[in-house]
Amino acid sequence: MTTALYTHPDCLSHVTPEGHPEQVARLRHVLAALEGKALDRHEAPLAEEADLRLCHPQRYIDHVRSSEPAEGITQMDPDTWMSPGSMRAALRAAGGAIAAVDAVLDGRADNAFVATRPPGHHAETESPMGFCLFGNVAIAAKHALERRGLKRVAIFDPDVHHGNGTQDLVQSDGRILFISTHQQPLYPGTGNRDEYGPHDTIRNIPLPPETDGETFRMIVTQQVLPKIESFAPELILLSSGFDAHKDDPLASVNLETQDFAWLTGQMTALAAKVCGGRLVSCLEGGYNLEALAEAAAVHVDGLIAAGA
């Protein structure tokens, strides 16, 4: 069995202004770091509008599609931009997440990494936000439940920024557990500890600035892993942001590259224990190009080791 990789050149066609942290070079660096690794490589398919409607209303999808410029770039919110090709890139990101879930559920892969952009965990039901257009991981979770017959899915989001979009998209569904560790205070200013959702399936774990790897590992061990295990998911999804790295320019959590390797080992071991190893990881943040590439590489190494 193998670790599947889903990506697509279309995701390099989503162009942001010069100097913008969510840049084309992010994906180039990640893919370069994965060259030569023992991965089952696939092109991420285009999501259909019916896939997007698992989380977003048609009027929002139409708004995003109609906002794509014929040339140049256009601003969707203070941080989020579109260029010619951005819609196809966003459809590849959502479609790749869905295809990865199908591959894992069908037994064609042990686990999977989705290396696409734009990211998704800030996109709310009807709002582009924080570099994100559609809620890729939330859409994948809904696909697993609505179309593949699963009863429970867990999402863990260790990106340094709170996954406000994912929380917005899944909190009304008691079949989805959403756990986020994130720096606070920090953009987007959401993710308080006392938010549990209507079904008690939301867990936010704010991290103070300068949180180090030892503290993070303790939090994951004591709070994240037991909660996921008790939920007994049939699939685990990771919003794999690597911007909690100490070298990231947009935050001040001080994880080392090996902390991401450790986290991957913990999550794959938990997946093996509770859901037959079924785990899909989707790229979110990470804005120091070298740190992003290093962390993504050790993360994928851990996925490959779990399937060996």
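Treat the numbers as computed from the prediction; the structure is a model and nothing was measured.

Visitor: Any chance you could explain the side chain of Asp 259 here in plain terms?
Guide: Turning to its location among the elements, Asp 259 is positioned in helix α8 (residues 257-274). Side-chain polar atoms of Asp 259 contact the side chain of Arg 217, separated by 2.8 Å.

Visitor: I tried to follow the packing of helix α1 (residues 24-34) against helix α9 (residues 289-307) on my own but got confused; where do I start?
Guide: For any two helices packed against each other, one specifies the crossing angle of their axes together with the interaxial distance. Direction vectors running N to C along α1 and α9 enclose 40°, while the axes themselves pass 8 Å from each other. The pairing of α1 with α9 is recorded here as oblique in orientation. By crossing handedness, the relation of α1 to α9 is classed as right-handed. The residues of α9 that touch α1, namely those facing Ala 25, Arg 26, His 29, Val 30, Ala 33 and Leu 34, are Leu 289, Glu 290, Leu 292, Ala 293, Ala 296, Ala 297 and Val 300. Of the residues that constitute the contact of α1 with α9, the class distribution is 10 nonpolar, 1 polar and 2 charged.

Visitor: I tried to follow empty space enclosed by the protein on my own but got confused; where do I start?
Guide: Space left empty within the atom packing is revealed by a probe, the size of a water molecule, rolled over the atoms. Under the counting rule described, the total for this entry stands at 2 cavities of 30 Å³ or more. When its volume is computed, the largest cavity comes out at roughly 70 Å³. Pro 158, Leu 238, Ser 240, Gly 241, Phe 242, Phe 260, Leu 263, Thr 264 and His 299 together form the lining of the largest cavity. Put simply, the parts of the chain that give the lining of the largest cavity at least two residues each are β9 (236-240) and α8. Looking at the lining of the largest cavity residue by residue, the class counts come to 5 nonpolar, 4 polar and no charged. Roughly 40 Å³ of volume is contained in the second largest cavity. Forming the boundary of the second largest cavity are Ala 93, Val 114, Thr 116, Pro 118, Gly 120, Asn 136, Cys 282, Leu 283 and Glu 284. Looking at the lining of the second largest cavity, its residues break down into 5 nonpolar, 3 polar and 1 charged.

Visitor: Honestly, the packing of aromatic side chains in this entry has me stumped. Any pointers?
Guide: Two aromatic rings are characterised by how far apart their centres lie and by the angle between their planes. Applying the stated rule across the entire model yields 3 aromatic pairs. Ring geometry for Phe 242 against Phe 260: centres 5.4 Å apart, planes inclined by 70°, an arrangement best described as edge-to-face. Taken as a pair, Phe 242 in the loop between β9 and α8 and Phe 260 in helix α8 lie far apart in primary sequence, 18 residues in all. Overall, the relative accessible area of 3% leaves Phe 242 in the buried class.

Visitor: What am I meant to see in the pattern of salt bridges here?
Guide: Pairing between side chains of opposite charge can happen when the charged atoms of each approach one another. Taken as a whole and judged by the stated rule, the model has 18 salt bridges. Two residues, Asp 10 and Arg 92, come together in a salt bridge whose shortest N-O distance is 2.8 Å. Placement of the pair is Asp 10 in the loop between β1 (3-7) and α1 and Arg 92 in helix α4 (residues 86-105), with a sequence separation of 82 residues.

Visitor: What is the right way to read unusual backbone geometry from this model?
Guide: Negative phi characterises most residues that are not glycine, and trans characterises most peptide bonds. Geometrically, the link from Gln 184 to Pro 185 is a cis peptide bond, its omega value of 5° lying close to zero. Assignment of secondary structure puts Pro 185 in the loop between β7 (176-183) and β8 (202-207). With an omega of 0°, the peptide bond running from Tyr 187 to Pro 188 counts as cis. With respect to the helices, strands and loops of the structure, Pro 188 is situated in the loop between β7 and β8. One non-glycine residue, Asp 200, lies in the positive phi region at around 60°. Following the sequence through the fold, Asp 200 ends up in the loop between β7 and β8.

Visitor: I would appreciate a short explanation of the sheet that holds β7 in the present structure.
Guide: Backbone hydrogen bonds hold the strands of a sheet together, and the pairing may be parallel or antiparallel. Read from one edge of the open sheet, 8 strands run β2-β1-β5-β10-β9-β6-β7-β8, paired in parallel fashion. The outermost strands of the open sheet, each flanked by one partner alone, are β2 (39-43) and β8. In this sheet, adjacent strand axes meet at a mean angle of 15° when their direction is disregarded. With 3 bridges joining them, strand β6 (residues 153-157) and β9 adopt parallel strand pairing. Paired with Ala 154 across the strands is Ile 236, a residue of β9. The strands that α4 touches are β1, β5 (111-114), β9 and β10 (279-283); relative to β5, the one it contacts most, it runs at about 175°.

Visitor: Explain α4 to me, please; I cannot follow it from the model alone.
Guide: An α-helical segment advances 3.6 residues per turn. Residues three or four places apart therefore align on the same side. If you check α4, its first and last C-alpha atoms are 29 Å apart, about what 20 residues at 1.5 Å a residue would give, namely 28 Å. Burial within α4 is extensive, with 19 of its 20 residues counted as buried. Backbone geometry just downstream of α4 places Gly 107 in the positive-phi region, at approximately 80°.

Visitor: What should I look at first to understand the nonpolar core in this one?
Guide: For soluble globular proteins, the rule of thumb is that nonpolar side chains tend to be buried together. Ranked by size, the top nonpolar core spans 47 residues in total, and within it Leu 52, Phe 134, Leu 235, Leu 237 and Val 280 carry the most contacts. It is α4 that provides the largest number of residues to this core, a total of 12 residues. Apart from residues lying up to four places away in sequence, Leu 237 is in contact with Val 101, Val 137, Ala 140, Ala 141, Val 153, Ala 154, Ile 155, Phe 156 and Val 280. Ranked by size, the runner-up nonpolar core spans 44 residues in total, among them Ala 115, Leu 255, Phe 260 and Cys 275.

Visitor: In this structure, what is going on with the packing of α4 against helix α5 (residues 136-146)? I would like to understand it.
Guide: Their axes nearest at 9 Å, the elements α4 and α5 cross at an angle of 40°. The pairing of α4 with α5 is recorded here as oblique in orientation. In this structure, the crossing between α4 and α5 has a hand that is right-handed. Contacts from Ala 90, Ala 93, Ala 94, Ala 97, Ile 98, Val 101, Asp 102 and Leu 105 of α4 reach α5 at Asn 136, Ile 139, Ala 140, His 143 and Ala 144. Classifying every residue of the contact of α4 with α5 gives 10 nonpolar, 2 polar and 1 charged.

How each quantity is defined
Residues numbered from 1 in each chain as written. Predicted model: local features only at pLDDT ≥ 70, side-chain atom pairs only at ≥ 80, totals over all residues. Heavy atoms only, no water. Helix = DSSP H or I, 4+ residues; strand = E, 2+ residues; numbered from the N terminus. Polar contact = N/O pair within 3.5 Å; in protein donor to acceptor, adjacent residues only side chain to side chain. Axes fitted to C-alpha atoms, helices over the stretch in contact; angles between N-to-C directions. Parallel < 35°, antiparallel > 145°, perpendicular 65-115°, else oblique. Left-handed = near helix turned anticlockwise from the far one by under 90°. Contact = heavy atoms within 4.5 Å. Nonpolar A, V, L, I, M, F, W, Y, C, P; charged D, E, K, R; others polar. 1 Å grid on protein atoms, 1.4 Å probe; cavity = no way out; pocket = protein on both sides within 12 Å on 5 of 7 lines; lining within 4 Å. Points joined across faces, edges and corners; volume = space filled by probe spheres on them. Phe/Tyr/Trp six-rings, centres within 6.5 Å; stacked < 30°, edge-to-face > 60°. Buried < 20%, exposed > 50% of the residue type's maximum accessible area, 1.4 Å probe, protein only. Salt bridge = Lys/Arg side-chain N within 4 Å of Asp/Glu carboxyl O. Pairing = 2+ DSSP bridges. Expected span 1.5 Å × (residues − 1). Core = buried A, V, L, I, M, F, W, Y, C linked by side-chain atoms within 4.5 Å.

Interpretation note: all reported values are geometric properties and have no functional meaning in isolation.
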